[in-house]
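Okay, here's what each chain looks like letter by letter:
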Amino acid sequence: MHLLVCGGTGCRASESDAILENLQSTLAENNLDGEVQVVKTGCFGFCEKGPIVKVMPDNTFYTQVKPEDAKEIVAEHVIKGRKVNRLLYLDPENKEHVADSKHMGFYKKQIRIALRNCGFINPENIDEYISRDGYEALAKCITNMKPQEVIDEIKASGLRGRGGAGFPTGLKWEIASKNAADQKYVVCNADEGDPGAFMDRSVLEGDPHSVIEAMAICGYCMGATKGLVYIRAEYPLAIERLKIAIDQSREYGLLGEDILGTGFAFDLELRYGAGAFVCGEETALIHSMEGLRGEPTVKPPFPAEKGYLGKPSNVNNVETFANIPVIINKGAKWFASLGTEKSKGTKVFALAGKINNVGLIEVPMGTTLREIIFEIGGGIKDGKKFKAVQTGGPSGGCLTEKHLDTPIDYDNLIASGSMMGSGGMIVMDEDDCMVSIAKYYLDFTVEESCGKCTPCRVGNKRLYEILDKITQGNGTMEDIDKLRNLSNVIRDTSLCGLGQTSPNPVLSTLDNFYDEYLAHIKDHKCPAGQCKALMQYVINQEACVGCTACARVCPVNAISGERKKPHTIDTAICIKCGACYEKCKFDAIFIN
Amino acid sequence: MVKVKSLADLKKIKSELQSKLDLREKSEHPEKIVQVKVAMATCGIASGAKQVMDFMIEEFEKRGIDAVVTQTGCMGYCYAEPTIEVTVPGKEPIVFGYVNIQKADTIIEKYVKNGELVDGIIPVNYETIEKQ
Ligand SMILES: Cc1cc2nc3c(=O)[nH]c(=O)nc-3n(C[C@H](O)[C@H](O)[C@H](O)COP(=O)(O)O)c2cc1C
Ligand code: SF4
Ligand code: FES
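For clarity, every value in this text was computed on a predicted model and none was experimentally measured. (Residues numbered from 1 in each chain as written. Chains lettered and ligands numbered in written order. Predicted model: local features only at pLDDT ≥ 70, side-chain atom pairs only at ≥ 80, totals over all residues. Heavy atoms only, no water.)

## Some thoughts on the overall build of chain A
Working step 1: The number of helices and strands found in chain A is 23 helices and 21 strands.
Working step 2: Projected onto its principal axes, the C-alpha positions of chain A cover 90 × 70 × 40 Å.
Working step 3: The buried share among the 592 residues of chain A stands at 59%.
Working step 4: Taking as baseline every contact in chain A between residues at least 6 positions apart, the subset at least 24 positions apart corresponds to 69%.
Working step 5: For chain A, the accessible surface area stands at approximately 23,300 Å², while carbon and sulfur atoms represent 49% of it. (Helix = DSSP H or I, 4+ residues; strand = E, 2+ residues; numbered from the N terminus. Buried < 20%, exposed > 50% of the residue type's maximum accessible area, 1.4 Å probe, protein only. Contact = heavy atoms within 4.5 Å. Areas by Shrake-Rupley, 256 points an atom, 1.4 Å probe, with all protein chains shown as cover.)

Put into structure tokens, the structure is as follows:
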């Protein structure tokens, strides 16, 4: 028998270490320590109900266990084989005790479709992909279905583009299929330039064949024989795995001429991007592949009419493609049963920032932020307070406490002032300054704007400067109006999505954290203590014992005072490095 | 390499592969073949998964344990990289996090050899589509 005790950050904060010790000592007292082993595990992801203790092999799942419960668990469960009912999880719906984690709603929150093979198969071995239904969808399409039937299936599934805009995928394929031409192209957008996003990279690294298979299916539907994957050169491992996968498919005859003896031909090539964010925009991406400058152009014409080399092209995101084989294999109906009314299926998110379980997750559309952050993500690091979560990268906005229970889908996110984007989720805690966050994203946009449109090129620079001024403590109330006006102009007059959405981080922080802007402007204070220009290190004269440790560690000699007498900091010299603050053993230095 | 020429061909290959994988499990020493998957996406490699994989391959060989060590993609537990999944025949697969060489050594000695669980297990918290 094994007793698994959660050793994650959340449960440790509520004394799971003591539970572990008590279990061990109680077992030892009963001479059971040889037979029953106590093991510390990683986070169960259920920190809200922590500390967690799980008993194996019967899978009993105890929640909110206290150190003093250890005796009872050993006496009742281990010795007598009776479950300790009061510690079992109470199902919130029917108020019944649930003993087995497999039947708890929480553990059903993640469903893997796009990530179905990531972490399961060896991505460099086509056989492993085939043994998990690989290439069956392609075979089914080209041997048993007409292109329009496949398109209808995708349409019925309700799949929408995972690259950000959420355009219905089936419809896009249909348009591309109807534009007649001697040559057409299937393009996979693997540019993935948002800060904090790594979903597409992980799919390509973990399951490259699913994207290849889907691109071939798309080629069959629209009448294209050529596919191109536009991937950033900074993804060397993904590139290598894709190359290996393409070679293997060719060897098996699953790419190339006369696939499965049907006469259908399709092959793939890779195109490398140099890592410019704007090249993820589909028209810029196409120009970049043509060897031109990676600058967006006006739509229409859409790529489906005039894309790569002027031919009809269908551009889809990596994750969009990864869903296709499953939809064909399991049916549109099954897929459409997951998610919300207008957003079907699942979405992969890259959880990053101040969250315990940084990683990749895939949840049905309609899951709430609370479930993602506190249950799957394991809550905020170091027990700090949740402040905001940024979705949609530089095009998105911040969502706050009041959005925690909103079901996430394309439309709800837009209504809350953010957007789905490609799926990056950066979690922020009480120590993050929201003005600085907005400034960070604007810095990114200024760097990444292609410079074609004046509002985007110059306007974003001005937004950045105003934000910088505010973080320096020199902002005025007029600056707030300027931020708003300028944001509206940039949004309305930029050519591409980059400029049109670049003010979102500013607007959404202004909406949700107006007080924080005010604190910077009126009180010259940064509530999160992040803006250096607004901080002052001060020595509490009462608490200081004059040990001189701070004066010795200060790199600019800003601290003076006699031995054994209270010291002082000369704020004119202080560079706010914080060295003294860290060094002081008497908590005599504080930040004003 | 044989080409796949039809849907029937593909199905045949698939069933052959599956029986081969089955065979691998139920071969002459069914109680001995251990399967280890090392998460080798960028996140894993950056935290040392390659060294762990090399170490495990060598050590299984040295200690005379029949094992297959393969690589796989991101399991999603990026916070706990390097992560590995160990399947001892007849038991459910178990994922271990923060596996360095020392930890890998403990896993081989304690879990693989004696079936004792060791610290650092990561509970699986998602459903696969097969179960749907
Ligand atoms: C500035 C900008 C950057 C973009 N970056 C990406 C990207 O990295 N990956 C992506 O798939 N789509 C990106 N898009 C969206 C694409 O233009 C396009 O909508 C998408 O590739 C279509 O595929 P989907 O329908 O499968 O989502 C970006 C758009 C803009 C405006
Ligand atoms: S909006 Fe910005 S990135 Fe887009 S085309 Fe104009 S200048 Fe370039
Ligand atoms: S820390 Fe124990 S469940 Fe998350």
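## Thoughts on the sheet that holds strand β16 (residues 397-400) of chain A
Residues and elements named next belong to chain A.
Working step 1: Spatially, the five strands line up as an open sheet ordered β14-β13-β17-β15-β16, and their pairing is mixed. Every interior strand has two partners, whereas the edge strands, β14 (359-364) and β16, have only one. Going across the sheet, the axis of each strand differs from the next one's by a mean of 30°, ignoring polarity.
Working step 2: As paired strands, strand β15 (residues 386-391) and β16 are joined by four bridges and run antiparallel to one another. Paired with T391 across the bridge in β16 is G397. (Pairing = 2+ DSSP bridges. Axes fitted to C-alpha atoms, helices over the stretch in contact; angles between N-to-C directions.)

## Focus: helix α14 (residues 369-376) of chain A
All names here are of chain A.
Working step 1: Of all eight residues that make up α14, six are buried, and the element is covered over most of its length.
Working step 2: Along α14, the residues classified as buried are L369, I372, I373, F374, E375 and I376.
Working step 3: Looking one or two residues beyond α14, the residue adopting positive phi is G378, at roughly 75°.

## Some points on the packing of aromatic side chains
Each aromatic ring pair is specified by the distance between its two centres and by the angle formed by the two planes.
All names here are of chain A.
Working step 1: Overall, the coordinates contain ten aromatic pairs over all chains when judged by the stated rule.
Working step 2: Ring centres of Y220 and F264 lie 5.4 Å apart, and the angle between their planes is 80°; on these two criteria the pair is classed as edge-to-face. You can see Y220 sitting in helix α9 (residues 208-222) and its partner F264 sitting in strand β11 (residues 264-273), a full 44 residues away along the chain. Residues Y220 and F264 agree in their burial class; the two are buried.
Working step 3: Geometrically, the ring pair formed by F374 and F386 is edge-to-face, given 6.0 Å between the ring centres and 70° between the ring planes. Here F374 is found in helix α14, whereas its partner F386 is found in strand β15, with twelve residues between them in sequence. For the pair F374 and F386, one class covers both residues: buried.
Working step 4: Ring pairing ties together the aromatic residues Y220, F264 and F266, which thus form one cluster.
Working step 5: Here R132 stacks its cationic end above the ring of F120, 4.6 Å away from the centre of that ring.
Working step 6: Over the aromatic face of Y235 sits the side chain of R201, whose NZ or CZ is 6.0 Å from the ring centroid. (Phe/Tyr/Trp six-rings, centres within 6.5 Å; stacked < 30°, edge-to-face > 60°. Lys NZ or Arg CZ within 6 Å of the ring centre and 35° of its normal.)

## Here's the deal with the sheet that holds strand β8 (residues 185-190) of chain A
Residue and element names in this part refer to chain A.
Working step 1: Taken in spatial order, the five strands line up as β10-β11-β9-β8-β12 in an open sheet, and their pairing is mixed. A strand with exactly one partner marks an edge of an open sheet, and here the two such strands are β10 (256-259) and β12 (313-317). For this sheet, the mean inter-axis angle between neighbouring strands, taken without regard to orientation, is 25°.
Working step 2: Note: β8 against β12, five bridges, orientation parallel. Considered in β12, the bridge of V186 is made with N314.
Working step 3: On the sheet, helix α11 (residues 282-289) packs against β8, β9 (226-232), β11 and β12 and is oriented at approximately 100° with respect to β9.
Working step 4: In the packing of helix α12 (residues 318-330) onto the sheet, contacts are made with β8 and β12, and the angle to β12 comes to roughly 90°.

## Overview of the pattern of salt bridges
Working step 1: Evaluation of the coordinates by the stated rule reveals 43 salt bridges over all chains.
Working step 2: A salt bridge links A:K226 to A:E269; the shortest N-O distance between them is 2.8 Å. In this pair, A:K226 sits in strand β9 while A:E269 sits in strand β11, placing the two residues 43 residues apart along the sequence.
Working step 3: Residue classification places A:E269 among the partly exposed positions, given a relative accessible area of 29%.
Working step 4: Sharing partners across several salt bridges, the network here consists of B:E59, B:K62, B:R63, B:D105, B:E109 and B:K113. (Salt bridge = Lys/Arg side-chain N within 4 Å of Asp/Glu carboxyl O.)

## Let's talk about the site of ligand 1
All names here are of chain A.
Working step 1: Of all residues adjacent to ligand 1, which total 18 residues, the nearest are G163, K172, N316, N317 and T320.
Working step 2: The separation between an oxygen atom of ligand 1 and a polar main-chain atom of E192 is 2.9 Å.
Working step 3: In the environment of ligand 1, a nitrogen atom lies 3.2 Å from a nitrogen or oxygen atom belonging to the backbone of G280.
Working step 4: Residue assignment for the shell around ligand 1 shows that the elements contributing at least two residues are β12 and α19 (497-501).
Working step 5: Examining the composition of the shell around ligand 1, we find that three residues originate from one element, β12, more than from any other.
Working step 6: Its residues placed into classes, the shell around ligand 1 shows three nonpolar, nine polar and six charged. (Near = heavy atom within 4 Å. Polar contact = N/O pair within 3.5 Å; in protein donor to acceptor, adjacent residues only side chain to side chain. Nonpolar A, V, L, I, M, F, W, Y, C, P; charged D, E, K, R; others polar.)

## Section: unusual backbone geometry
Residues and elements named next belong to chain A.
Working step 1: The omega torsion across P300 and P301 is 5°, close enough to zero to call that bond cis.
Working step 2: Checked against the element boundaries, P301 lands in the loop between α11 and β12.
Working step 3: In the Ramachandran plot, L260 falls in the positive-phi region, its phi being about 50° despite a non-glycine side chain.
Working step 4: Topologically, L260 is positioned in the loop between β10 and β11.
Working step 5: Despite not being glycine, D382 shows a phi value in the positive range, around 55°.
Working step 6: Among the structural elements, D382 can be located in the loop between α14 and β15.

## Some details on the site of ligand 2
Working step 1: If you check the shell around ligand 2, you find 13 residues, and the closest are A:C450, A:K452, A:C453, A:C456 and A:C496.
Working step 2: Residues belonging to the shell around ligand 2 are distributed by class as follows: eight nonpolar, four polar and one charged.

## With respect to the packing of helix α18 (residues 477-493) of chain A against helix α21 (residues 514-522) of chain A
Residue and element names in this part refer to chain A.
Working step 1: Across the interface, α18 lies against α21 with an axial gap of 9 Å and an inter-helix angle of 140°. Classed by the angle they form, the pair α18 and α21 counts as oblique. Taken together, the residues of α21 that come into contact with α18 (itself represented by M477, I480, L483 and R484) are Y514, Y517, L518, I521 and K522. (Parallel < 35°, antiparallel > 145°, perpendicular 65-115°, else oblique.)

## Focus: the side chain of A:N189
Residue and element names in this part refer to chain A.
Working step 1: Turning to its location among the elements, N189 is positioned in strand β8.
Working step 2: Judged by its relative accessible area of 14%, N189 falls in the buried class.
Working step 3: Setting aside residues up to four positions removed in sequence, N189 forms contacts with D200, Y230, G280, L285, V315, N316, N317 and V318.

## Quick word on the pairing of β15(A)
All names here are of chain A.
Working step 1: Burial within β15 is extensive, with six of its six residues counted as buried.
Working step 2: Where β15 and strand β17 (residues 424-429) come together, five bridges link them in antiparallel fashion. Along β17, the bridge assignment pairs T391 with M425.
Working step 3: In textbook terms, the turn of a hairpin is the stretch between consecutive antiparallel strands, and for β15 and β16 this stretch comprises five residues, one of which, G392, has a positive phi near 80°.

Read these as spatial facts, not as claims about activity.
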